[in-house]
Amino acid sequence: GPGTATDGHVWLDPKNAELIAVSIADHLAARYPDTADRIKANAAQLVDDIRRLDVEIGTSLNAI
């Protein structure tokens, strides 16, 4: 299934990409507390962008 160790392209699924981005941001925020707010804000923006692009791509593909 998604996220298995054998999936070499796990990040290509938008939902996995969101989880990966948030996980990385959490780890970076813990490592660099002085910039934690900025790191988390950037991750939130990335998740919003991923979701927007996923909808745009889905809409485009449905129009074909």
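Structural notes, computed from the coordinates. Nothing here was measured: the structure is a model prediction, and the numbers come from that model. (Residues numbered from 1 in each chain as written. Predicted model: local features only at pLDDT ≥ 70, side-chain atom pairs only at ≥ 80, totals over all residues. Heavy atoms only, no water.)

### So, the overall build of the chain
To be explicit about the condition: Each helix is a run of DSSP H or I of at least 4 residues and each strand a run of E of at least 2, with the numbering of both proceeding from the N terminus. Note that the radius of gyration is over C-alpha atoms, with the globule rule given as 2.2 Å times the number of residues to the power 0.38. Only the protein chains shown count as cover for residues, and the accessible areas themselves come from Shrake-Rupley with a 1.4 Å probe.
Check the secondary structure of the chain and you find two helices and zero strands. Computed over C-alpha atoms, the radius of gyration of the chain comes to 14 Å, more than 25% over the 11 Å expected from 2.2 N^0.38 for 64 residues, which places it beyond the range of a compact globule. Overall size of the chain, expressed as C-alpha extent along the three principal axes, is 45 × 30 × 10 Å. Total accessible area on the chain stands at roughly 5,100 Å², and carbon and sulfur atoms take up 60% of it.

### Examining helix 1 (residues 14-31)
As a reminder, the rule being used: To estimate the expected span of a helix, subtract one from its residue number and multiply by 1.5 Å. Under the scheme applied here, a residue whose accessible area is under 20% of the maximum for its type counts as buried, over 50% as exposed, and between as partly exposed, the area being computed with a 1.4 Å probe on protein chains only. In what follows, residue pairs with any heavy atoms lying within 4.5 Å of each other are defined as contacts. Whenever a nitrogen or oxygen atom comes within 3.5 Å of another N or O atom, the pair is scored as a polar contact, on the condition that within protein one atom can donate a hydrogen and the other can accept it, and that pairs from neighbouring residues in sequence are kept only if both atoms are in side chains.
If you check helix 1, its first and last C-alpha atoms are 26 Å apart, about what 18 residues at 1.5 Å a residue would give, namely 26 Å. Regarding helix 1, the residues found buried are Asn16, Ala17, Glu18, Ala21, Ala25 and Ala29. Those residues of helix 1 that are buried are in contact with helix 2 (36-62). At the N-terminal end of helix 1, a side-chain oxygen is found 2.8 Å from the backbone nitrogen of lysine 15, two or three residues along, and the residue is aspartate 13.

### Side note on the side chain of glutamate 18
With respect to the element layout, glutamate 18 can be found in helix 1. When near neighbours in sequence (up to four residues on either side) are disregarded, glutamate 18 contacts Val47, Ile50 and Arg51.

### What about the pattern of salt bridges?
Stated precisely, the cut-off is as follows: A carboxyl oxygen of Asp or Glu within 4 Å of a side-chain nitrogen of Lys or Arg is what we treat as a salt bridge.
Across all of its chains, the model carries four salt bridges by this definition. The residue arginine 52 makes a salt bridge to glutamate 56 at a minimum N-O spacing of 3.1 Å. Remark: glutamate 56 and arginine 52 occur in helix 2; sequence separation between them is four residues, near one turn of the helix. Exposure remark for arginine 52: the relative accessible area of 42% places this residue in the partly exposed category. Bridged by salt links that share partners, the residues Asp49, Arg52 and Glu56 form one connected network.

### Some thoughts on a nonpolar patch on the surface
Counted only if it meets this: Only residues above 30% relative accessible area that lack a salt bridge enter a patch, with like-charged residues linked at up to 9 Å and the nonpolar side chains Val, Leu, Ile, Met, Phe, Trp and Tyr linked at up to 5 Å.
Together, Trp11, Leu12, Ile20, Ile24, Leu28 and Tyr32 line one region of the surface with nonpolar side chains, adding up to about 590 Å² of accessible area. Here isoleucine 24 lies in helix 1.

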